Amino acid sequence: MAKNILIVTGSEYSDAVYQAFYDTKKLGHKLYLLSDGSFEPKPEVFEKHFRYDLRKTKETLEYMKNKPEKFDAITIKTSEWLTPLVALLAKQYGCIGNEPIVAFNCRSKYHMRKCLEKGNVPIPKFKLCKNYEELINGIREIKTPCVAKPVGGNASYGTFMIKDEEDIKTLKENYENSIKFLKEKAIDSDVFAFNEEEMDLIGVDGHVDMVTDYLVEEFMDGHEISVDALVQNGESHILGTEDQVRMDPPYFVQLAARLPYVCSDEEQAKIKKLIELTIKAMKIKNSATHTEIIFTSQGPKIVEIGCRIGGDNLHDDMLNLTGYNLMFESIMIALGKKRIYEVKNKGHKVLKYIIPKNKGTIKKLYIPDELQHDPNNFNIEILLDVGDKVALPPEKFDYVGYISGSGETPEEAEKNTDEALKKIEIIIE
Ligand SMILES: Nc1ncnc2c1ncn2[C@@H]1O[C@H](COP(=O)(O)OP(=O)(O)OP(=O)(O)O)[C@@H](O)[C@H]1O
Ligand SMILES: [Mg+2]
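Since the structure is predicted, the reported quantities are computational estimates derived from the model, not experimental observations.

*Asks:* Quick rundown of the sheet that holds strand S9 (residues 223-232)? Include the residues and the values.
*Replies:* Across the sheet, which stays open at both edges, the eight strands sit in the order S13-S12-S9-S10-S11-S14-S18-S16 with antiparallel pairing between neighbours. Only two strands of the sheet have a single partner each, and these edge strands are strand S13 (299-306) and strand S16 (378-382). On average, adjacent strands in this sheet sit at an angle of 25° to one another, irrespective of strand direction.

So, in structure tokens, the structure goes:
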């Protein structure tokens, strides 16, 4: 039977994501879009495009409630900050999904830590700090080396390491710069707080400010991976893994990703067990998930988990590697269709972020046509434009975009991406 499916998003989609929509429509279903109105989707895909300021969770729920359309399924691709809204909408229409509090617990890194602690998932020591004095005390309690990060951050905005006593000298400046950056982000894009009323509606115990509250955590030393797993009726299936390369501390902006993460069967089994434990602790029931793990000398520990598909190019790269379209799978999970997965990787992918080398204004940005129109070999996404101002942490956590290349071996994929990167010209003055 034809179903009405609502897709919620904070940004426009790639062709591979649109393919999921075409495939869903071929099954006879109708698609609707809810966005902040910042882009125009491809024509004739959605029956209707609802536009609202999605930072206002409660108002958005009211806005949708007053529409004549009702929905049988609701889902999202990657927009982390909108996962509680998706869960609330699912509840409003009686759809399959996660409980709103579960989505919130994934959004607030403090609540996430509490759930993981309760579920005996290996995590670092942590402490919630609501102002600068608490931050200093938190650092004294957790002890250096430690990491300070905003409770509701993403893309490592405002996250930094405090290595030793020396770093405490610059702590105030670092913290204030980060909060300033986060507040700007809260106004114009993707980091925002929930108000008291919205947190009550979700059933949050211990309100937090996503923008100004910080978490101090014990520093986990080791290499980092991410895992994308789909969860259906509480049962998880790993679809992809990614080896991450990040900036050297004190900042953690991601520099590169290698897919899949190459490891032994034994390590794979450990990762699977940890992911299952994490998903269970968070009570995620029906959605995609994206989890980050650091392999410390005491074993693997969880950095964080989101109830959504991994960001940047992960969706398209995983489709290329495994043949599974995670957007289509997320829709099928939201529809309650039983899914079975048999994942085999074809080849390798290396993605590199284009990070500004200096502070300034972008004067030139040149990407050869051959790179832009070769989706089998390259995926490229540029987020900034000529005239945009960029800066490095701690002032800003900007990146210009990213490019991902393929190969039959990890080495070949790396070489292809590096050669493509050399052809991109960026001048920042
Ligand atoms: N306790 C910790 N120990 C060591 N590194 C950490 C710790 N917490 C965070 N990091 C580093 O900072 C990065 C960003 O932290 P986290 O994932 O919690 O925030 P985020 O803003 O959602 O990040 P992103 O979107 O970049 O994954 C992590 O991927 C990791 O590299
Ligand atoms: Mg993260």
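*Asks:* Explain the site of ligand 1 to me, using residue names and the numbers behind them.
*Replies:* Around ligand 1 sit 22 residues in total, of which Gly153, Ser156, Glu217, Met220 and Phe252 are the nearest. Of the residues belonging to the shell around ligand 1, the class tally is nine nonpolar, five polar and eight charged.

*Asks:* Hey, could you go over the packing of helix H2 (residues 57-65) against helix H3 (residues 83-93) for me, with residue numbers and the actual values?
*Replies:* Contact geometry for H2 and H3: axes closest at 10 Å, N-to-C directions at 35°. For the crossing formed where H2 meets H3, the hand is right-handed. Residues Thr57, Thr60, Leu61, Met64 and Lys65 of H2 form the contact with H3, whose participating residues are Pro84, Leu85, Leu88, Leu89 and Gln92. Residues of the contact of H2 with H3, tallied by class, amount to six nonpolar, three polar and one charged.

*Asks:* Tell me about the sheet that holds strand S3 (residues 48-51), and please be specific about residues and values.
*Replies:* Read from one edge of the open sheet, four strands run S3-S2-S1-S4, paired in parallel fashion. Strands at the two margins of the open sheet, each flanked by one partner only, are S3 and strand S4 (73-76). Pairwise comparison of adjacent strand axes, ignoring direction, gives a mean angle of 25° for this sheet. Summarising the sheet, strand S1 (residues 4-8) and strand S2 (residues 30-35) pair through five bridges and their orientation is parallel. The residue of S2 that forms the bridge with Leu6 is Tyr32. Each of S1 and S4 is contacted by H3, which is oriented at about 175° to S4, the strand it contacts most.

*Asks:* Would you mind going over helix H1 (residues 15-26) in detail, with residue names and values included?
*Replies:* Since the α-helix packs 3.6 residues into each turn, any two residues three or four apart lie on the same face. With twelve residues, H1 extends 16 Å from end C-alpha to end C-alpha; this agrees with the ideal 16 Å at 1.5 Å per step. Looking only at H1, the buried set comprises Ala16, Val17, Ala20, Phe21 and Thr24. Angular distribution of buried residues about the axis of H1 spans 160°; they occupy a single face of the element. Every exposed residue of H1 that faces more than 90 degrees away from the buried side is listed here: Asp15 and Lys26. Considering only its buried residues, H1 is in contact with S1, S2, helix H11 (314-322) and helix H12 (326-335). Just downstream of H1, Gly28 is the residue with a positive phi angle, here 100°.

*Asks:* Provide a residue-level description of the packing of helix H5 (residues 109-118) against helix H10 (residues 265-282), including the pertinent values.
*Replies:* Describing two packed helices takes the angle between their axes plus the distance from one axis to the other. In the contact formed by H5 and H10, the axes pass within 8 Å of each other and the chain directions differ by 115°. Considered as vectors, H5 and H10 are oriented roughly perpendicular to each other. Read as a crossing pair, H5 and H10 show a hand that is right-handed. Where H5 approaches H10, its residues Cys115, Leu116 and Lys118 are matched on the opposing element by Thr278, Ala281 and Met282. Taken together, the residues of the contact of H5 with H10 sort by class into four nonpolar, one polar and one charged.

*Asks:* A description of the domain arrangement of the chain should follow, citing residues and the corresponding values.
*Replies:* Entries for the chain in the domain assignment read domain 1 (4-104), domain 2 (125-218) and domain 3 (350-429). Summarising the inter-unit geometry, the C-alpha centres of domain 2 and domain 3 are found 29 Å apart. Each side of the interface is counted separately: domain 2 has eight residues, and domain 3 has four residues. The greatest single-element share of the side of domain 2 that touches domain 3, amounting to four residues, is contributed by helix H8 (residues 171-188). For the side of domain 2 that touches domain 3, the residue count by class is four nonpolar, four polar and no charged.

*Asks:* I'd like a description of helix H4 (residues 100-107), backed by residues and values.
*Replies:* Here H4 lies mainly inside the structure; seven of its eight residues are buried. Those residues of H4 lying buried are Pro100, Val102, Ala103, Phe104, Asn105, Cys106 and Arg107.

*Asks:* I'd like a rundown of unusual backbone geometry, residues and numbers included.
*Replies:* In this model, Thr144 is joined to Pro145 through a cis peptide bond whose omega is -5°. Backbone torsion omega between Leu259 and Pro260 reads -15°, so that peptide bond is classified as cis. Non-glycine residue Lys283 carries a positive phi angle of around 65°. Here Lys283 is to be found in the loop between H10 and strand S12 (287-296).

*Asks:* Go over the pairing of strand S10 (residues 235-246), please, and point to the residues and values.
*Replies:* In this sheet, S10 lies alongside S9 in antiparallel orientation, the contact comprising nine bridges. Across the sheet, Val227 pairs through a bridge with Thr241, a residue of S10. Once S9 ends, the chain turns through two residues before running back antiparallel as S10, passing Asn233 with a positive phi of about 50°. The sheet contact formed by S10 and strand S11 (residues 254-259) spans four bridges and is antiparallel. Residue pairing in the sheet places Val245 in a bridge with Ala256 of S11.

*Asks:* Explain the pairing of S2 to me, and be specific about the residues and the numbers.
*Replies:* Working note: regular strand, side chains alternate between the two faces of the sheet. Handedness of the β-α-β unit built from S1, H1 and S2 comes out right-handed. As paired elements, S2 and S3 share four bridges and run parallel to each other. By the bridge assignment, Leu34 is partnered in S3 with Phe50.

*Asks:* Help me get a handle on the nonpolar core, residues and values and all.
*Replies:* With 100 residues, the main nonpolar core has Val8, Ile74, Val86, Leu89 and Val216 as its most contacted residues. Here the element with the most residues in this core is H12; it accounts for seven residues. Those residues in contact with Ile74 that lie beyond four places of it in its chain are Leu6, Val8, Val86, Leu89, Ala90, Tyr93, Cys95, Gly97 and Ala334.

Scoring rules and cut-offs
By convention here, each chain's residues receive numbers from 1 onward along its written sequence. Chain labels run from A onward and ligand labels from 1 onward, assigned in the order the entries are written. Local features in a predicted model are, by the rule used here, given only for residues with pLDDT of at least 70; side-chain atom pairs are given and counted only at 80 or more, and totals for whole chains, interfaces and linings are based on all residues. Strand pairing is defined by DSSP finding a minimum of two bridges between the two strands. What counts as a helix is a DSSP run of H or I of at least four residues, what counts as a strand is a run of E of at least two, and both are numbered from the N terminus. Under this scheme, a helix contributes an axis fitted over its contacting stretch, all axes are lines through C-alpha atoms, and angles between N-to-C directions fall in the 0 to 180 degree range. Whether a residue is near a molecule or strand depends on its C-beta atom, placed from the backbone, lying within 6 Å of it. Residue polarity follows a fixed list, in which Ala, Val, Leu, Ile, Met, Phe, Trp, Tyr, Cys and Pro are nonpolar, Asp, Glu, Lys and Arg are charged, and the others, Gly among them, are polar. Each helix crossing is assigned a hand: it is left-handed if the near helix lies turned anticlockwise from the far helix by less than a right angle, otherwise right-handed if that turn is clockwise. In this description, a residue-residue contact is defined by the distance between C-beta atoms placed from the backbone, which must lie within 7 Å. To estimate the expected span of a helix, subtract one from its residue number and multiply by 1.5 Å. Once C-beta atoms are placed from the backbone, each residue is buried if 20 or more other C-beta atoms lie within 10 Å of its own, exposed if 12 or fewer, and partly exposed for counts between those two. As used here, the arc is the angular range of directions from the helix axis to the C-beta atoms. Note that the term roughly parallel is reserved for angles under 35 degrees, roughly antiparallel for angles over 145, roughly perpendicular for angles of 65 to 115, and oblique for everything else. Per the annotation, domain bounds derive from an automatic or database assignment of domains. Seen with its strands pointing away from the viewer, a crossover is right-handed if its path from the first strand over the helix to the second goes clockwise. A set of buried Ala, Val, Leu, Ile, Met, Phe, Trp, Tyr and Cys residues, joined through C-beta atoms within 7 Å, is what we mean by a nonpolar core.

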